[in-house]
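Per-entry structural report
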Amino acid sequence: RSNFLETKVQALESIDGDDLSRKVSDALNVYPPERDFGNVLGLLQGIVFQSGFSIVSANFGGSSTKLGDSQSYALKMEVLGSRSLLSLLLSNIESSGRIMKVSSVETSSSRDPQTVSVILGVDILYASVPGGFGTVDSPLPQFSSKDEEIIAKLAASAPVVVSLPTTPTTLGPRGKANPFE
């Protein structure tokens with residue numbers, strides 16, 4: 001048993017901590033352990049704007065749904081934009097760096113035949129972090145080449161995380177004190 005533990009210690013010491021931290025961070029950004037309303041709303045605002053639409057209203061559902069090992073919460077969002085760009089919007093949401101799926105689409109025409117109002121139902125997935133990673137006697141898990149590929153894809157499509165500024169900003173007068181001089 002001591003030989004096994006010594007081998008395990010050597011394997012743990014050979015792990016690059018920064019690389020492992022980056023991989024865990026990328027995975028948690030795409031598939032977080034809790035509801036992250038602010039990040040999801042910020043990400044969807046960007047996607048909607050880049051797809052040529054504007055958000056009219058957004059409403060988060062109150063309860064979460066269990067889907068296997070995952071949980072999800074719902075977002076209903078009304079957007080307004082060009083009818084020809086609707087497929088782009090749906091594609092951008094489903095291929096975003098955050099695990100989401102469009103669960104419903106309701107459309108209604110406006111006075112302008114080129115403009116459409118759309119109510120989207122979006123399910124946003126998250127999963128809690130496992131409580132344990134094995135016992136002292138269990139073998140050390142390794143990343144397979146497929147795991148490394150998935151992590152690389154996650155890193156490439158990781159969403160922008162909304163965070164508060166760390167330095168306080170001061171607001172003061174701008175420009176001339178008297179603009180008529």
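Because the structure is a prediction, the values reported are computed rather than measured. Every residue gets a number counted from 1 within its own chain, in the order that chain's sequence is written. Thresholds applied to this predicted model are a pLDDT of at least 70 for local features of residues and 80 or more for the giving and counting of side-chain atom pairs; totals over whole chains, interfaces and linings are not thresholded and use all residues. Heavy atoms throughout the structure, all of them, feed into the side-chain values; hydrogens and water do not.

**Focus on the pattern of salt bridges**
Here is the rule we go by: A pairing counts as a salt bridge when a side-chain nitrogen of Lys or Arg comes within 4 Å of a carboxyl oxygen of Asp or Glu. Where helices and strands are cited, they refer to DSSP runs of H or I of at least four residues and of E of at least two residues respectively, numbered from the N terminus. Accessible area is worked out with a 1.4 Å probe on protein chains only. A residue is then buried under 20% of its type maximum, exposed over 50%, and partly exposed in between.
Applying the stated criterion across every chain, the model contains two salt bridges. The shortest N-O distance in the salt bridge between Arg 22 and Asp 19 comes to 2.6 Å. Residue Arg 22 and its partner Asp 19 are located together in helix 2 (residues 17-30), separated by three residues, close to a single helical turn. Two residues, Asp 36 and Arg 98, come together in a salt bridge whose shortest N-O distance is 2.7 Å. Pair noted here: Asp 36 is in the loop between helix 2 and helix 3 (37-50) and Arg 98 is in the loop between helix 4 (86-94) and strand 3 (100-109), with a separation of 62 residues, a long-range link. There is no split in this pair, since Asp 36 and Arg 98 are both buried.

**Some words on the nonpolar core**
Cut-off, in case you're wondering: By nonpolar core is meant a set of buried Ala, Val, Leu, Ile, Met, Phe, Trp, Tyr and Cys residues that side-chain atoms within 4.5 Å join together. Any two residues whose heavy atoms approach within 4.5 Å at even a single point are treated as in contact.
Leu 44, Val 79, Leu 89, Ile 93 and Leu 120 are the most contacted members of the largest nonpolar core, which totals 21 residues. Elements with a contribution of two residues or more to this core: helix 3, strand 2 (70-82), helix 4, strand 3 and strand 4 (115-126). For this core, the leading source of residues is strand 4, giving six residues. The residues contacting Leu 89, other than those within four sequence positions of it, are Ile 47, Val 48, Ser 51, Phe 53, Val 79 and Leu 120.

**Notes on a nonpolar patch on the surface**
Filter applied, for reference: Only residues above 30% relative accessible area that lack a salt bridge enter a patch, with like-charged residues linked at up to 9 Å and the nonpolar side chains Val, Leu, Ile, Met, Phe, Trp and Tyr linked at up to 5 Å. Exposure was quantified through the Shrake-Rupley algorithm and a 1.4 Å probe, taking into account, for residues, occlusion by the shown protein chains and nothing else.
Taken together, the side chains of Leu 12, Ile 15, Leu 20, Val 24, Leu 28, Val 129 and Phe 143 make up a nonpolar region of the molecular surface, amounting to roughly 550 Å² of accessible area. If you tally residues by element for the nonpolar patch, the top one is helix 2, at three residues. On the basis of relative accessible area, Leu 20 is assigned to the partly exposed category, the value being 33%.

**With respect to helix 4**
Let me state the cut-off plainly: What the arc measures is the spread of directions leading from the helix axis to the C-beta atoms.
Turning to helix 4, its buried residues are Leu 86, Leu 89 and Ile 93. Axial view of helix 4: buried residues confined to an arc of 60 degrees, hence all on one face.

**Let's talk about the confidence of the model for the protein**
For clarity, the cut-off: Every residue gets a pLDDT, meaning the predictor's confidence in that residue, from 0 to 100.
Looking at the protein, the pLDDT average stands at 79 and 83% of residues meet or exceed 70. In the model, residues 160-166 has pLDDT below 50 throughout and makes four contacts with residues more than four positions away in sequence or in other chains.

**Considerations on the environment of Ser 57**
Take Ser 57: it is sitting in strand 1 (residues 53-67). The partly exposed category is assigned to Ser 57, whose relative accessible area is 35%. Spatially, the C-alpha atoms of Ser 57 and Glu 78 are 5.2 Å apart, while their sequence positions differ by 21 residues. Leave out the neighbours within four places in its chain, and Ser 57 touches Lys 76, Met 77 and Glu 78.

**What about the packing of aromatic side chains?**
The line we're drawing: Each aromatic pair joins two rings of Phe, Tyr and Trp (for Trp, the six-membered one) with centres within 6.5 Å, and gets the label stacked for planes under 30 degrees apart, edge-to-face for over 60, and tilted for any other angle.
This structure, assessed with the given rule, holds four aromatic pairs. Seen in terms of ring centroids, Phe 37 and Phe 60 are 4.7 Å apart; in terms of plane orientation they differ by 65 degrees. Their pairing is edge-to-face. In this pair, Phe 37 is assigned in helix 3 and Phe 60 in strand 1, connecting sequence segments 23 residues apart. Relative accessible area serves as the criterion here: at 33%, Phe 37 is assigned to the partly exposed category. Ring geometry for Phe 60 and Tyr 73: centres 6.0 Å apart, planes at 45 degrees, overall tilted. With Phe 60 in strand 1 and Tyr 73 in strand 2, the pair connects residues that are 13 residues apart, well separated along the chain.

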